[in-house]
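# A look at the structure
Here is what each chain is made of, one letter per residue.
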Amino acid sequence: MDKKNDLSVSSLSLKNNEKLINIIINLEKIIGNLYNKTINIEYAINELKNIFILINNIINENKKFIIINSTKIYDFGKYVGEIKNEKREGKGICYYKTEDRFEGDWKDDKAVKGKMYYNNNEIYEGEIENTLREVKGIFYYKDGDIYKGDWKKHYKEGKGIIFHNNDDIYEGDLKDGRREGKGIYYYNNGDIFEGEWKNSKREGKGIIYYINKDREMGDYLNDEPIGNHVTLMANGEVISTIY
């Protein structure tokens, strides 16, 4: 065999991207020489087998191989974006049949961080784990409320701030999506309640700071004042009230 027609792939010990270019060159040579009948079919088949083995090795070894703007169809919808090892990984958009849409980061075929646009015009922006809102994120409700803070298994849980559509603001502890623990509630009339909460209601000890500088201290149950409440008036007067 003439050396100029030696198509052996044994010399392809280059980086993977250079190997791929060399593979294309070798394929072109094989096709050209077969057409010109300068190599026999048996030799060409053997070299093609070697090339296919090399391609398979490159795919298996190159863990950073990314296909950009690929589309995958699922039973639940369509994904458009980056794919690694046949899994969604990198930046991408998933269009669900429910008309929900997620745009953001993917890892190991799962959404991990981005924006979820729900079909009822609500939006979640933040971290996701196993399809659930998790760790930290912002939720824009269709009624105009906004929550910014911690999440656990799809529920508001931990520390957070709720901006209500009537301009009230709650800042503090939450559990299972409700105000629970210690927190501060800023009423739109300027009054402020600071104290304990349970099931989104004032429960336990608390203080109300009125806009006129009066302060009322006492216990609460089911959002209502109970027992003895002491009010420190702005003028220095002290008033005790039994509920």
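Throughout what follows, the structure given in this document is the object of discussion. Please read all numbers here as calculations on a predicted model, not as lab measurements. (Residues numbered from 1 in each chain as written. Predicted model: local features only at pLDDT ≥ 70, side-chain atom pairs only at ≥ 80, totals over all residues. Heavy atoms only, no water.)

## Points about the overall build of the chain
The line we're drawing: Each helix corresponds to a stretch of at least 4 residues labelled H or I by DSSP, and each strand to a stretch of at least 2 residues labelled E; elements are numbered beginning at the N terminus. Whether a residue is buried, partly exposed or exposed follows from its accessible area with a 1.4 Å probe, protein chains only, as a fraction of its type maximum: under 20%, in between, or over 50%, in that order. Should any heavy atoms of two residues lie within 4.5 Å, those residues are counted as being in contact. Each accessible area is a Shrake-Rupley estimate made with a 1.4 Å probe; only the visible protein chains count as cover when residues are assessed.
A tally of helices and strands in the chain yields two helices and 16 strands. Across the 243 residues in the chain, those meeting the buried criterion constitute 31%. Of the contacts made within the chain by residues no fewer than 6 positions apart, 8% connect residues no fewer than 24 positions apart. Total accessible area on the chain stands at roughly 15600 Å², and carbon and sulfur atoms take up 53% of it.

## A few points about the pattern of salt bridges
The test is simple: Take a side-chain nitrogen of Lys or Arg and a carboxyl oxygen of Asp or Glu: if they are within 4 Å of each other, that pair is a salt bridge.
Applying the stated criterion across every chain, the model contains ten salt bridges. Ionic pairing is found between aspartate 108 and lysine 87, a salt bridge with its closest N-O pair at 3.0 Å. Of this pair, aspartate 108 sits in the loop between strand 4 (101-107) and strand 5 (110-117) while lysine 87 sits in strand 3 (residues 87-96), and the two are 21 residues apart along the sequence. Look at aspartate 108 and you get partly exposed, because its relative accessible area is 43%. Exposure remark for lysine 87: the relative accessible area of 37% places this residue in the partly exposed category. One salt bridge in this structure joins lysine 107 and glutamate 89, with 3.8 Å as the shortest N-O distance. Of this pair, lysine 107 sits in strand 4 while glutamate 89 is found in strand 3, placing the two residues 18 residues apart along the sequence. Owing to a relative accessible area of 17%, glutamate 89 belongs among the buried residues under this scheme.

## A word on the environment of leucine 34
By the secondary structure assignment, leucine 34 is in helix 1 (residues 16-36). Here leucine 34 is in contact with Ile39, Ile41 and Ala44, once residues within four sequence places are set aside.

## Notes on the layout of surface pockets
Spelled out, the test is: Only protein atoms enter the 1 Å grid used here, on which a cavity is any set of points holding a 1.4 Å probe that cannot leave and a pocket is any open set flanked by protein within 12 Å on both sides along at least five of seven lines; residues with an atom within 4 Å of a point are listed as lining. Grid points are joined across faces, edges and corners, and a volume is the space filled by probe spheres set on the points. Note on residue categories: nonpolar means Ala, Val, Leu, Ile, Met, Phe, Trp, Tyr, Cys or Pro, charged means Asp, Glu, Lys or Arg, and polar means any other residue, Gly included.
For the largest pocket, the calculated volume is near 240 Å³. Lining the largest pocket are 15 residues, and of these Tyr96, Ala111, Met116, Ile128 and Thr131 lie nearest its centre. At the level of elements, strand 3, strand 4, strand 5 and strand 6 (123-129) are the ones that each hand at least two residues to the lining of the largest pocket. With three residues, strand 5 is the single largest residue contributor to the lining of the largest pocket. Looking at the lining of the largest pocket residue by residue, the class counts come to nine nonpolar, two polar and four charged.

## Things to note about the pairing of strand 6
Here is the rule we go by: Strands pair, by our definition, only if DSSP identifies at least two bridges between them.
Across five bridges, strand 5 lies against strand 6 in antiparallel orientation. Bridge pairing in strand 6 links glycine 114 to glycine 126. With antiparallel pairing between neighbouring strands as the criterion, strand 5 and strand 6 make up a hairpin whose turn holds five residues, including asparagine 121 at a positive phi of roughly 75 degrees. Inspection of the sheet shows strand 6 paired to strand 7 (residues 132-140) by six bridges, in the antiparallel sense. Looking across to strand 7, one finds that isoleucine 123 is bridged to tyrosine 140.

## Side note on the packing of aromatic side chains
The test is simple: Within 6.5 Å between ring centres, the rings of Phe, Tyr and Trp (the latter by its six-membered ring) count as paired, and their orientation is classed by plane angle as stacked under 30 degrees, edge-to-face over 60, tilted in between. Geometrically, a charge over a ring is one whose NZ (Lys) or CZ (Arg) sits within 6 Å of the ring centre while staying within 35 degrees of the ring normal.
Throughout the structure, instances matching the rule amount to 15 aromatic pairs. Relative to phenylalanine 76, the ring of tyrosine 74 lies with its centre 4.9 Å away and its plane at 10 degrees, an arrangement referred to as stacked. Note on tyrosine 74: relative accessible area 17%, which makes it buried. With a centroid separation of 4.4 Å and 40 degrees between ring planes, the pair formed by phenylalanine 139 and tyrosine 141 is classed as tilted. A residue is classified by how much of its surface remains accessible, and phenylalanine 139, at 4% relative accessible area, is buried. Tyrosine 141 gets classed as partly exposed once you look at its relative accessible area, which sits at 24%. Taken together through their ring pairs, the aromatic side chains of Tyr118, Tyr124, Phe139, Tyr141, Tyr147 and Trp151 make up a single cluster. Here lysine 78 stacks its cationic end above the ring of tyrosine 95, 5.7 Å away from the centre of that ring. Positioned above the aromatic ring of tyrosine 79, the side-chain terminus of arginine 88 is 5.8 Å from the ring centre.

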